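# A look at the structure
Here's the letter readout for the chains.
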Amino acid sequence: MRMGGFVSFMENRMMPIAGKMAEQKHLQAIRDGIILTLPLLIIGSIFLIIGFIPIPGYDEFMGGIFGEKWRTKLLYPVGATFDVMGLIVSFGVAYRLAEKYKVDPLSAGAISVASFLLATPYKIMFTPEGASAAQEVGGVIPLTLMGSQGLFVAMILAILSTEIYRKIIQMKIVISMPPGVPPAVSRSFVALIPAGAVLVVVWLIRILLENTSFESIHNIVKDLLVGPLSVVGSSLIGAIICVLLIHVLWAVGLHGAAVVGGIMSPIWLTLMDQNRAAFQANPNGELPNVVTTQFFDMWVYAGGSGATLALVFLMVFMARSKQMKNIGRLSIGPGLFNINEPVIFGMPIVMNPLLIIPFVLTPVILVIISYFAMSLGWVAKPSGVSVPWTTPLLVSGYLATGGKVSGMVLQAVNFIISLAIYYPFFRLWDKQKVSEEKAGAASDTAVTM
């Protein structure tokens, strides 16, 4: 298929489907609900970094000042942020979905959290000191299910509870208060019947599941959904497919990361938290996952989707076209912080048959190189530290690996590879723009004579 035919196919066939997916209320609510956790995860990550600074003698220095248990106390905020991820997502997804339905989002969020807790069995397995077998302890909220392991259950119940809530509200099966009642009180009574309906439904589901081999909704989701998706999401093939989809959608003008991320972000966030827990337990131990949220943000998307920071550098330092020079100068500032809309829409890359090729090819090549470099042990894996995606190159690689220089080295190698891939396509595009500028100048001269 010729490139023109490919672009036409994407524009006429795929773009309408992807556009509908991007506008889908539930996917948008999941994406926005997960984003609600990011500030807290970043704060928790700062404490995690401080707790494991890789400097010789650091542990002894801190222990001498703050006592033997200094690290345990320092990491309290890590637990208060990472370990309640599911609860926050439960509230956030319901809140955002209720906003889209134009019903009271605060009530929807509160009901969602209550339903999430109702569906969670209040018991843990605990092995006392000196005992050989674990014992079941009741009356306690299992912290593991409040964090990343409970993400999918939180999202499912948030959507279910909000759908029930808004249906009952829209059917006007509510308790209406007289006009003189304060609005906050009135909204609380309006939510009374919908909240009761949601909790009864979730309660019945829990009772039903307790009489099956699964025992709880958490076990069903873990066995039937999270397990298979984690296998796909953590694999090289899965990472390549996701990156391909993201960049093909970008190439036709759609925010590919928002569409694909709405589906895959919970998986990558769970994998990230698994690495965080392993790193927190043993900073020098083997981490379980290569593919996490940071894997893409820090080693694949330098400059934004398409790894366009290399392209920006080419425009700034090697462009002969005035247009390319100007776009490069405008894009270098945002590009250093991984924001590349000026390049994607200003160059443009969107609907550009020539530049679509390196834009899609580069991140795929970087995924393959980064995956094997980490899998073979040449480069440290992402430690689970939630580094903001706007963190500049090299700094982000150092922080995301828990202070390993190899993370910076891989970023530098990937940047050089990106330069090499983009260069021939950039030269062709720059040459075309120079010709257009010369033709335009000659036309202006002829008109003025």
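Residues numbered from 1 in each chain as written. Predicted model: local features only at pLDDT ≥ 70, side-chain atom pairs only at ≥ 80, totals over all residues. Heavy atoms only, no water.

### Section: the packing of aromatic side chains
- The tally for this structure, following the rule as stated, stands at ten aromatic pairs.
- Ring geometry for Phe-313 versus Phe-317: centroids 5.7 Å apart, planes at 40°, classification tilted. Of this pair, Phe-313 and Phe-317 both sit in helix 17 (residues 309-318), separated by four residues, roughly a single helical turn.
- You can call Phe-313 partly exposed: its relative accessible area is 26%.
- Three or more aromatic residues joined by ring pairs form one cluster here, namely Trp-268, Phe-295, Phe-296 and Tyr-301. (Phe/Tyr/Trp six-rings, centres within 6.5 Å; stacked < 30°, edge-to-face > 60°. Helix = DSSP H or I, 4+ residues; strand = E, 2+ residues; numbered from the N terminus. Buried < 20%, exposed > 50% of the residue type's maximum accessible area, 1.4 Å probe, protein only.)

### With respect to the packing of helix 10 (residues 151-170) against helix 13 (residues 217-233)
- Following both chains from N to C, one finds helix 10 and helix 13 inclined at 110°, their axes separated by 9 Å at the closest point. With respect to helix 13, the axis of helix 10 lies roughly perpendicular. As helix 10 runs across helix 13, the sense of the crossing is right-handed. Across from Phe-152, Val-153, Ile-156 and Leu-157 in helix 10, the residues of helix 13 making contact are Ile-217, His-218, Val-221, Leu-225, Val-226 and Leu-229. (Axes fitted to C-alpha atoms, helices over the stretch in contact; angles between N-to-C directions. Parallel < 35°, antiparallel > 145°, perpendicular 65-115°, else oblique. Left-handed = near helix turned anticlockwise from the far one by under 90°. Contact = heavy atoms within 4.5 Å.)

### Focus on the pattern of salt bridges
- Under the counting rule described, the total for this entry stands at nine salt bridges.
- A salt bridge links Arg-166 to Glu-163; the shortest N-O distance between them is 2.9 Å. Taken together, the positions of Arg-166 and Glu-163, both in helix 10 and three residues apart, correspond to about one turn of that helix. Assigned by exposure class, Arg-166 and Glu-163 land together as buried.
- Ionic contacts of the salt-bridge type, sharing partners, join the residues Asp-83, Asp-273 and Arg-276 into one network. (Salt bridge = Lys/Arg side-chain N within 4 Å of Asp/Glu carboxyl O.)

### What to know about helix 17
- The buried fraction of helix 17 is high, at seven of ten residues.
- When we look at burial in helix 17, the residues that qualify are Leu-309, Ala-310, Leu-311, Val-312, Leu-314, Met-315 and Val-316.

### Comments concerning the nonpolar core
- With 105 residues, the main nonpolar core has Trp-268, Phe-295, Phe-296, Leu-311, Met-315, Met-347 and Val-367 as its most contacted residues.
- In terms of residue count, the dominant contributor to this core is helix 10 (eleven residues). (Core = buried A, V, L, I, M, F, W, Y, C linked by side-chain atoms within 4.5 Å.)

### Let's talk about a nonpolar patch on the surface
- Together, Met-171, Ile-173, Val-185, Phe-189, Leu-192 and Ile-193 make up a nonpolar patch on the protein surface, roughly 510 Å² of accessible area in all.
- Elements that contribute at least two residues to the nonpolar patch include exactly helix 11 (183-190) and helix 12 (192-210).
- Within the secondary structure, Phe-189 is located in helix 11.
- The exposure class assigned to Phe-189 is partly exposed, which follows from its relative accessible area of 34%. (Patch = residues over 30% accessible without salt bridge, like charges linked within 9 Å, V, L, I, M, F, W, Y side chains within 5 Å. Areas by Shrake-Rupley, 256 points an atom, 1.4 Å probe, with all protein chains shown as cover.)

### Some thoughts on the layout of surface pockets
- When its volume is computed, the largest pocket comes out at roughly 950 Å³.
- Along its surface, the largest pocket is lined by 32 residues, and Leu-38, Ala-257, Thr-293, Asp-297 and Trp-389 are the ones closest to its centre.
- When residues of the lining of the largest pocket are traced back to their parent elements, those giving at least two are helix 2 (25-35), helix 3 (38-51), helix 14 (236-251), helix 15 (256-281) and helix 16 (293-299).
- Each residue belonging to the lining of the largest pocket can be placed in one class, and the counts come to 18 nonpolar, eleven polar and three charged.
- Approximately 760 Å³ is the volume attributed to the second largest pocket.
- If you trace the second largest pocket, you find 29 residues lining it, with Thr-144, Leu-145, Gln-149, His-218 and Lys-222 closest to the centre. (1 Å grid on protein atoms, 1.4 Å probe; cavity = no way out; pocket = protein on both sides within 12 Å on 5 of 7 lines; lining within 4 Å. Points joined across faces, edges and corners; volume = space filled by probe spheres on them. Nonpolar A, V, L, I, M, F, W, Y, C, P; charged D, E, K, R; others polar.)

### Concerning the side chain of Thr-362
- You can see Thr-362 is positioned in helix 20 (residues 353-375).
- Leave out the neighbours within four places in its chain, and Thr-362 touches Gly-306, Ala-307, Ser-418, Ile-421 and Tyr-422.

### Points about the environment of Arg-329
- Inspection of the secondary structure assignment puts Arg-329 in helix 18 (residues 322-336).
- Residue classification places Arg-329 among the exposed residues on the basis of a relative accessible area of 55%.

### Side note on the confidence of the model for the chain
- Taken residue by residue, the chain gives an average pLDDT of 87. The fraction at 70 or more is 92%.
- At the low end of the mean pLDDT range in the chain sits helix 1 (residues 3-22), at 58; at the high end sits helix 8 (residues 105-119), at 95. (pLDDT = per-residue confidence, 0-100.)

### Regarding unusual backbone geometry
- Here the residue pair Met-347 and Pro-348 is connected by a cis peptide bond, since its omega of -10° sits within 30 degrees of zero.
- Here Pro-348 shows up in the loop between helix 19 (341-346) and helix 20.
- We note that Ala-307 has phi near 50°; this positive angle belongs to a residue other than glycine.
- Along the chain, Ala-307 turns up in the loop between helix 16 and helix 17.
- Assessed through its relative accessible area of 1%, Ala-307 is described here as buried.
- One non-glycine residue, Asn-338, adopts positive backbone phi at about 65°.

### Side note on helix 20
- Here helix 20 spans 34 Å end to end across 23 residues, near enough to the 33 Å set by a 1.5 Å rise per residue.
- At the C-terminal side of helix 20, Gly-377 shows a positive phi close to 85°. (Expected span 1.5 Å × (residues − 1).)

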